[in-house]
Amino acid sequence: GATLKAAAERSGRYFGAAMGGDRLNDAGFLAIANREFDMMTAVNEMKPDATEPNRGQFDFRAGDAIYTWATQHGMRVRGHTLAWHAQQPRFWAGLSGSALRTAMIDHINGVMTHYRGKLAYWDVVNEAFAENGSRRSSNLQSTGNDWIEVAFRAARAADPGVKLCYNDYNIENWTYAKTQGVYAMIRDFKARGVPVDCVGLQTHFTGGSSLPGTFQQTLSSFAALGVDVALTEADVTNAAAGQYQGLTQACMNVPRCVGITTWGIRDSDSWRGNESPLLFDRNSNPKPAYTSVLNAL
Ligand code: XIL
(Lines give C-alpha, C1' and ligand atoms only; values in the text may rest on other atoms or scores of the structure.)
Protein backbone atom coordinates (compact mmCIF):
# COMPACT_ATOMS: atom_id res chain seq x y z
CA GLY A 1 0.00 0.00 0.00
CA ALA A 2 0.92 3.67 0.09
CA THR A 3 3.70 4.69 2.44
CA LEU A 4 5.31 7.99 3.35
CA LYS A 5 8.54 7.10 1.58
CA ALA A 6 6.83 5.87 -1.59
CA ALA A 7 4.73 9.00 -1.75
CA ALA A 8 7.73 11.27 -1.15
CA GLU A 9 9.85 9.41 -3.68
CA ARG A 10 7.29 10.09 -6.42
CA SER A 11 8.56 13.68 -6.43
CA GLY A 12 12.21 12.83 -5.77
CA ARG A 13 11.95 13.65 -2.08
CA TYR A 14 12.62 11.56 1.01
CA PHE A 15 10.63 11.02 4.18
CA GLY A 16 12.81 10.63 7.25
CA ALA A 17 12.67 9.92 10.95
CA ALA A 18 15.04 10.21 13.90
CA MET A 19 15.97 7.24 16.07
CA GLY A 20 17.94 6.70 19.23
CA GLY A 21 20.23 3.72 19.63
CA ASP A 22 17.79 2.12 22.07
CA ARG A 23 15.30 1.74 19.23
CA LEU A 24 17.57 -0.83 17.61
CA ASN A 25 16.06 -3.29 20.11
CA ASP A 26 12.48 -2.15 19.53
CA ALA A 27 10.85 -4.39 16.95
CA GLY A 28 7.74 -2.23 16.76
CA PHE A 29 9.76 0.87 15.95
CA LEU A 30 11.94 -0.93 13.43
CA ALA A 31 8.95 -2.34 11.58
CA ILE A 32 7.44 1.10 10.98
CA ALA A 33 10.82 2.63 10.19
CA ASN A 34 11.51 -0.02 7.60
CA ARG A 35 8.08 0.26 6.02
CA GLU A 36 7.58 4.04 5.93
CA PHE A 37 10.92 5.89 5.95
CA ASP A 38 13.91 6.21 3.62
CA MET A 39 16.09 8.67 5.59
CA MET A 40 17.33 8.33 9.17
CA THR A 41 18.85 10.77 11.67
CA ALA A 42 20.45 9.72 14.96
CA VAL A 43 18.74 11.51 17.85
CA ASN A 44 21.91 11.87 19.96
CA GLU A 45 24.50 9.37 18.73
CA MET A 46 26.35 11.55 16.21
CA LYS A 47 26.46 14.65 18.40
CA PRO A 48 29.82 16.00 19.56
CA ASP A 49 29.63 14.63 23.12
CA ALA A 50 28.82 11.17 21.78
CA THR A 51 31.46 10.96 19.06
CA GLU A 52 34.44 12.58 20.86
CA PRO A 53 34.06 11.94 24.59
CA ASN A 54 37.73 12.72 25.20
CA ARG A 55 40.06 14.87 23.17
CA GLY A 56 41.13 13.05 20.02
CA GLN A 57 39.47 9.86 21.23
CA PHE A 58 36.54 9.21 18.95
CA ASP A 59 33.76 6.71 19.59
CA PHE A 60 31.57 5.88 16.63
CA ARG A 61 29.99 2.70 17.96
CA ALA A 62 26.56 4.15 18.71
CA GLY A 63 26.41 6.21 15.52
CA ASP A 64 27.63 3.34 13.41
CA ALA A 65 24.99 0.99 14.80
CA ILE A 66 22.26 3.35 13.57
CA TYR A 67 24.06 3.98 10.29
CA THR A 68 24.45 0.26 9.64
CA TRP A 69 20.84 -0.63 10.42
CA ALA A 70 19.50 2.24 8.33
CA THR A 71 21.63 1.59 5.28
CA GLN A 72 21.02 -2.16 5.45
CA HIS A 73 17.34 -1.29 5.16
CA GLY A 74 17.74 0.94 2.15
CA MET A 75 17.74 4.26 3.94
CA ARG A 76 20.09 7.17 3.63
CA VAL A 77 21.41 8.95 6.71
CA ARG A 78 21.53 12.62 7.80
CA GLY A 79 24.44 13.42 10.08
CA HIS A 80 23.45 15.49 13.13
CA THR A 81 25.46 17.48 14.27
CA LEU A 82 29.09 18.75 14.39
CA ALA A 83 29.16 22.18 16.05
CA TRP A 84 26.50 23.23 18.55
CA HIS A 85 26.26 25.11 21.84
CA ALA A 86 24.71 22.03 23.49
CA GLN A 87 25.78 18.40 23.95
CA GLN A 88 29.44 19.32 23.58
CA PRO A 89 32.34 17.12 24.64
CA ARG A 90 33.07 17.81 28.29
CA PHE A 91 36.62 18.85 27.50
CA TRP A 92 35.35 21.76 25.37
CA ALA A 93 34.19 23.41 28.59
CA GLY A 94 37.79 23.88 29.59
CA LEU A 95 38.73 25.54 26.31
CA SER A 96 38.24 28.97 24.79
CA GLY A 97 39.60 31.16 22.02
CA SER A 98 41.94 29.55 19.53
CA ALA A 99 42.18 26.33 21.55
CA LEU A 100 38.41 25.81 21.33
CA ARG A 101 38.46 26.80 17.67
CA THR A 102 41.11 24.17 17.01
CA ALA A 103 39.13 21.58 18.96
CA MET A 104 36.06 22.33 16.84
CA ILE A 105 38.01 21.92 13.61
CA ASP A 106 39.65 18.72 14.87
CA HIS A 107 36.23 17.39 15.81
CA ILE A 108 34.80 18.13 12.36
CA ASN A 109 37.80 16.48 10.72
CA GLY A 110 37.67 13.41 12.93
CA VAL A 111 33.96 12.73 12.60
CA MET A 112 33.64 13.61 8.93
CA THR A 113 36.65 11.53 8.00
CA HIS A 114 35.04 8.51 9.65
CA TYR A 115 31.79 9.01 7.75
CA ARG A 116 33.36 10.26 4.53
CA GLY A 117 31.34 9.22 1.48
CA LYS A 118 28.62 7.60 3.59
CA LEU A 119 26.12 10.30 4.53
CA ALA A 120 23.66 12.29 2.46
CA TYR A 121 23.73 15.44 4.62
CA TRP A 122 25.54 16.84 7.63
CA ASP A 123 24.08 19.44 9.96
CA VAL A 124 27.45 21.14 10.26
CA VAL A 125 26.25 23.88 12.58
CA ASN A 126 23.14 23.69 14.74
CA GLU A 127 21.19 26.49 16.43
CA ALA A 128 23.69 29.36 16.22
CA PHE A 129 21.14 32.19 16.26
CA ALA A 130 19.20 33.88 19.05
CA GLU A 131 15.51 34.70 18.83
CA ASN A 132 16.27 38.36 18.09
CA GLY A 133 18.18 37.45 14.93
CA SER A 134 21.67 38.03 16.22
CA ARG A 135 24.17 35.32 16.98
CA ARG A 136 23.40 33.21 20.02
CA SER A 137 26.05 33.70 22.66
CA SER A 138 28.03 30.53 23.26
CA ASN A 139 31.59 29.43 23.81
CA LEU A 140 31.88 28.84 20.05
CA GLN A 141 30.57 32.32 19.25
CA SER A 142 33.15 33.71 21.67
CA THR A 143 35.93 32.30 19.50
CA GLY A 144 34.99 34.88 16.85
CA ASN A 145 32.09 35.60 14.52
CA ASP A 146 33.71 33.63 11.72
CA TRP A 147 33.38 30.30 13.57
CA ILE A 148 30.45 29.20 11.41
CA GLU A 149 32.16 29.74 8.08
CA VAL A 150 35.31 28.14 9.44
CA ALA A 151 33.23 25.09 10.36
CA PHE A 152 31.71 24.90 6.86
CA ARG A 153 35.06 25.25 5.12
CA ALA A 154 36.58 22.53 7.29
CA ALA A 155 33.57 20.33 6.59
CA ARG A 156 33.83 20.71 2.82
CA ALA A 157 37.51 19.80 2.92
CA ALA A 158 36.89 16.76 5.13
CA ASP A 159 34.13 15.24 2.96
CA PRO A 160 33.57 16.96 -0.39
CA GLY A 161 30.68 14.62 -1.28
CA VAL A 162 28.21 15.29 1.51
CA LYS A 163 25.72 18.17 1.52
CA LEU A 164 26.49 20.67 4.25
CA CYS A 165 23.53 22.14 6.13
CA TYR A 166 22.88 24.91 8.61
CA ASN A 167 20.08 23.75 10.96
CA ASP A 168 17.92 25.77 13.36
CA TYR A 169 14.49 26.10 15.00
CA ASN A 170 12.01 28.98 14.97
CA ILE A 171 13.08 29.97 11.48
CA GLU A 172 9.83 28.90 9.82
CA ASN A 173 8.06 32.27 9.95
CA TRP A 174 9.47 34.59 7.28
CA THR A 175 8.67 37.77 9.23
CA TYR A 176 10.48 36.57 12.37
CA ALA A 177 13.77 38.25 13.29
CA LYS A 178 15.61 34.95 13.72
CA THR A 179 14.59 33.78 10.25
CA GLN A 180 15.93 37.02 8.81
CA GLY A 181 19.18 36.67 10.72
CA VAL A 182 19.81 33.19 9.36
CA TYR A 183 18.74 34.28 5.88
CA ALA A 184 21.24 37.16 5.91
CA MET A 185 24.03 34.79 6.90
CA ILE A 186 23.22 32.27 4.16
CA ARG A 187 22.97 35.07 1.58
CA ASP A 188 26.35 36.36 2.70
CA PHE A 189 27.86 32.86 2.60
CA LYS A 190 26.61 32.24 -0.93
CA ALA A 191 27.91 35.65 -2.04
CA ARG A 192 31.37 34.98 -0.62
CA GLY A 193 31.63 31.33 -1.63
CA VAL A 194 31.42 29.83 1.84
CA PRO A 195 30.40 26.21 1.20
CA VAL A 196 26.82 25.76 2.41
CA ASP A 197 24.41 23.51 0.50
CA CYS A 198 21.25 23.43 2.57
CA VAL A 199 19.23 24.93 5.37
CA GLY A 200 17.41 22.65 7.79
CA LEU A 201 14.28 24.05 9.40
CA GLN A 202 13.66 21.99 12.50
CA THR A 203 9.88 22.66 12.35
CA HIS A 204 9.05 22.08 16.01
CA PHE A 205 5.58 23.57 16.31
CA THR A 206 4.68 23.99 19.96
CA GLY A 207 1.96 25.07 22.30
CA GLY A 208 -0.84 25.52 19.81
CA SER A 209 1.15 27.98 17.72
CA SER A 210 -0.21 27.70 14.22
CA LEU A 211 1.65 26.97 11.04
CA PRO A 212 2.96 30.32 9.86
CA GLY A 213 1.25 31.39 6.67
CA THR A 214 4.65 32.51 5.50
CA PHE A 215 6.30 29.09 5.85
CA GLN A 216 6.34 28.39 2.13
CA GLN A 217 7.73 31.87 1.48
CA THR A 218 10.55 31.13 3.91
CA LEU A 219 11.38 27.89 2.12
CA SER A 220 11.30 29.46 -1.32
CA SER A 221 13.31 32.48 -0.17
CA PHE A 222 16.12 30.32 1.15
CA ALA A 223 15.95 28.14 -1.97
CA ALA A 224 16.29 31.23 -4.16
CA LEU A 225 19.71 31.80 -2.58
CA GLY A 226 20.84 28.53 -4.15
CA VAL A 227 20.52 26.10 -1.24
CA ASP A 228 18.33 23.08 -0.67
CA VAL A 229 15.89 23.27 2.22
CA ALA A 230 14.53 20.48 4.41
CA LEU A 231 12.20 20.05 7.37
CA THR A 232 14.58 18.26 9.70
CA GLU A 233 12.90 17.61 13.08
CA ALA A 234 9.19 18.06 12.54
CA ASP A 235 6.78 17.58 15.42
CA VAL A 236 3.53 19.41 16.20
CA THR A 237 1.72 19.68 19.52
CA ASN A 238 -1.06 17.06 19.54
CA ALA A 239 -0.14 16.27 15.93
CA ALA A 240 -2.67 18.76 14.59
CA ALA A 241 -3.52 17.28 11.20
CA GLY A 242 -4.03 20.63 9.54
CA GLN A 243 -0.58 21.84 10.56
CA TYR A 244 1.06 18.65 9.37
CA GLN A 245 -0.83 18.96 6.10
CA GLY A 246 0.29 22.57 5.75
CA LEU A 247 3.96 21.96 6.44
CA THR A 248 3.97 19.07 3.98
CA GLN A 249 2.22 21.15 1.34
CA ALA A 250 4.71 23.98 1.82
CA CYS A 251 7.59 21.60 1.17
CA MET A 252 5.89 20.07 -1.85
CA ASN A 253 5.35 23.52 -3.36
CA VAL A 254 9.05 24.36 -3.24
CA PRO A 255 11.16 22.37 -5.73
CA ARG A 256 14.31 22.66 -3.61
CA CYS A 257 12.58 21.31 -0.50
CA VAL A 258 14.22 17.89 -0.59
CA GLY A 259 12.46 16.09 2.24
CA ILE A 260 10.77 15.98 5.63
CA THR A 261 12.02 14.28 8.79
CA THR A 262 9.91 13.76 11.92
CA TRP A 263 11.75 13.70 15.27
CA GLY A 264 10.79 10.14 16.13
CA ILE A 265 8.06 7.87 14.79
CA ARG A 266 5.57 7.08 17.57
CA ASP A 267 4.50 9.47 20.33
CA SER A 268 6.40 7.22 22.71
CA ASP A 269 9.61 8.09 20.84
CA SER A 270 9.18 11.84 21.19
CA TRP A 271 11.40 14.13 23.25
CA ARG A 272 8.31 16.27 23.85
CA GLY A 273 6.93 14.18 26.70
CA ASN A 274 3.17 13.98 26.64
CA GLU A 275 2.49 16.31 23.72
CA SER A 276 1.74 13.42 21.34
CA PRO A 277 3.35 15.31 18.46
CA LEU A 278 4.17 12.52 16.00
CA LEU A 279 2.41 10.64 13.21
CA PHE A 280 2.02 7.28 14.99
CA ASP A 281 0.48 6.62 18.41
CA ARG A 282 1.96 4.58 21.23
CA ASN A 283 0.42 1.44 19.78
CA SER A 284 2.11 2.02 16.42
CA ASN A 285 -1.13 3.00 14.73
CA PRO A 286 -1.11 5.85 12.23
CA LYS A 287 -2.91 8.97 13.48
CA PRO A 288 -5.09 11.35 11.44
CA ALA A 289 -2.02 13.51 10.81
CA TYR A 290 -0.38 10.54 9.07
CA THR A 291 -3.17 10.47 6.53
CA SER A 292 -3.05 14.20 5.94
CA VAL A 293 0.71 14.07 5.37
CA LEU A 294 0.39 11.09 3.05
CA ASN A 295 -2.32 12.80 1.03
CA ALA A 296 -0.28 16.00 0.76
CA LEU A 297 2.86 14.26 -0.54
C1 XIL B 1 17.13 16.37 21.51
C2 XIL B 1 16.96 14.88 21.73
O3 XIL B 1 15.76 14.45 21.14
C4 XIL B 1 16.98 14.57 23.21
O5 XIL B 1 17.00 13.16 23.40
C6 XIL B 1 18.19 15.19 23.88
O7 XIL B 1 18.10 15.00 25.27
C8 XIL B 1 18.28 16.67 23.58
O9 XIL B 1 18.28 16.84 22.17
N10 XIL B 1 16.96 20.37 18.37
C11 XIL B 1 17.93 19.51 17.89
C12 XIL B 1 17.98 18.11 18.40
O13 XIL B 1 18.69 19.86 17.00
O14 XIL B 1 19.29 17.61 18.46
C15 XIL B 1 17.34 18.00 19.76
O16 XIL B 1 17.29 16.62 20.13
C17 XIL B 1 15.96 18.62 19.74
C18 XIL B 1 16.04 20.07 19.42
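Everything quoted here is computed from the prediction, not taken from an experiment.

1. Examining the site of the ligand
Reasoning step 1: By nearness alone, 13 residues border the ligand, and K47, H80, N126, E233 and W263 come closest of all.
Reasoning step 2: Within the side chain of E233, one N or O atom sits 2.7 Å away from an oxygen atom of the ligand.
Reasoning step 3: Contacts to the ligand include W263, whose side-chain N or O atom sits 2.9 Å from an oxygen atom.
Reasoning step 4: Against a free-state accessible area of 420 Å², the protein chains account for coverage of 76% of the ligand.

2. Remarks on the confidence of the model for the protein chain
Reasoning step 1: Chain-level pLDDT for the protein chain is 97 on average; 99% of the residues reach the 70-or-more range.
Reasoning step 2: Across the whole predicted complex the pTM is 0.98, and at the interface the ipTM reaches 0.99.

3. Regarding the packing of aromatic side chains
Reasoning step 1: One pass over the structure, following the stated rule, counts twelve aromatic pairs.
Reasoning step 2: Ring plane angle 50° and centroid distance 6.0 Å describe the contact between Y14 and Y121, whose orientation is recorded as tilted. Highlighted residues: Y14 in strand 1 (residues 14-19) and Y121 in strand 4 (residues 121-126), separated in sequence by 107 residues. Here Y14 matches Y121 in class, with each residue buried.
Reasoning step 3: Members of the aromatic cluster, joined through ring pairs, are F58, F60, Y67, Y115 and W122.
Reasoning step 4: Its guanidinium or amino end placed over the ring of Y169, K178 lies 3.5 Å from that ring's centre, counting from NZ or CZ.

4. Describing the state of the cysteines
Reasoning step 1: All chains considered together, the criterion is met by two disulfides.
Reasoning step 2: Here C165 engages in a disulfide with C198; their sulfurs sit 2.1 Å apart. With the S-S bond torsion at -80°, the cross-link from C165 to C198 turns out left-handed. You can see C165 sitting in strand 5 (residues 163-168) and its partner C198 sitting in strand 6 (residues 198-201), a full 33 residues away along the chain.
Reasoning step 3: For C165, a relative accessible area of 2% gives the class buried.

5. A closer look at the side chain of T143
Reasoning step 1: Within the secondary structure layout, T143 lies in the loop between strand 4 and helix 6 (147-158).
Reasoning step 2: For T143, a relative accessible area of 16% puts it in the buried group.
Reasoning step 3: When near neighbours in sequence (up to four residues on either side) are disregarded, T143 contacts G97, L100 and R101.

6. Some points on the pairing of strand 6
Reasoning step 1: Of the two faces of strand 6, the one lined by C198 and G200 and the one lined by V199 and L201 are each fully buried.
Reasoning step 2: Inspection of the sheet shows strand 5 paired to strand 6 by four bridges, in the parallel sense. Counterpart to C165 in the pairing with strand 6 is C198.
Reasoning step 3: A crossover connection joins strand 5 to the parallel strand 6 through helix 7 (residues 177-192); in handedness this β-α-β unit is right-handed.
Reasoning step 4: Examined bridge by bridge, strand 6 and strand 8 (residues 228-236) share four bridges and lie parallel to one another. Along strand 8, the bridge assignment pairs C198 with D228.

7. Things to note about helix 6
Reasoning step 1: Its twelve residues give helix 6 an end-to-end C-alpha distance of 16 Å, which sits within 8% of 16 Å, the value for a rise of 1.5 Å per residue.
Reasoning step 2: All of the buried residues in helix 6 are W147, I148, E149, A151, F152, A154, A155 and A158.
Reasoning step 3: For helix 6, the elements touching its buried residues are strand 3 (76-84), helix 5 (97-114), strand 4, strand 5 and helix 7.

8. Digging into the packing of helix 9 (residues 241-252) against helix 10 (residues 288-296)
Reasoning step 1: Across the interface, helix 9 lies against helix 10 with an axial gap of 8 Å and an inter-helix angle of 20°. Taken as axis vectors, helix 9 and helix 10 run roughly parallel relative to one another. Once helix 9 is placed against helix 10, the crossing between them reads as right-handed. In this structure, helix 9 uses A241, Y244, Q245, T248, Q249 and M252 to contact helix 10, whose residues at the interface are P288, A289, S292, V293 and A296.

9. Description of helix 8 (residues 215-224)
Reasoning step 1: Along helix 8, the positions that sit buried rather than exposed are F215, T218, L219, S221, F222 and A223.
Reasoning step 2: On its buried face, helix 8 is in contact with helix 7, strand 6, strand 8 and helix 9.
Reasoning step 3: In the stretch just after helix 8, G226 is the one whose phi turns positive, near 100°.

Reading guide: rules and limits
- Residues numbered from 1 in each chain as written.
- Predicted model: local features only at pLDDT ≥ 70, side-chain atom pairs only at ≥ 80, totals over all residues.
- Heavy atoms only, no water.
- Near = heavy atom within 4 Å.
- Polar contact = N/O pair within 3.5 Å; in protein donor to acceptor, adjacent residues only side chain to side chain.
- Areas by Shrake-Rupley, 256 points an atom, 1.4 Å probe, with all protein chains shown as cover.
- pLDDT = per-residue confidence, 0-100.
- Phe/Tyr/Trp six-rings, centres within 6.5 Å; stacked < 30°, edge-to-face > 60°.
- Helix = DSSP H or I, 4+ residues; strand = E, 2+ residues; numbered from the N terminus.
- Buried < 20%, exposed > 50% of the residue type's maximum accessible area, 1.4 Å probe, protein only.
- Lys NZ or Arg CZ within 6 Å of the ring centre and 35° of its normal.
- Disulfide = S-S within 2.5 Å.
- Contact = heavy atoms within 4.5 Å.
- Pairing = 2+ DSSP bridges.
- Right-handed = clockwise from strand over helix to strand, strands pointing away.
- Expected span 1.5 Å × (residues − 1).
- Axes fitted to C-alpha atoms, helices over the stretch in contact; angles between N-to-C directions.
- Parallel < 35°, antiparallel > 145°, perpendicular 65-115°, else oblique.
- Left-handed = near helix turned anticlockwise from the far one by under 90°.

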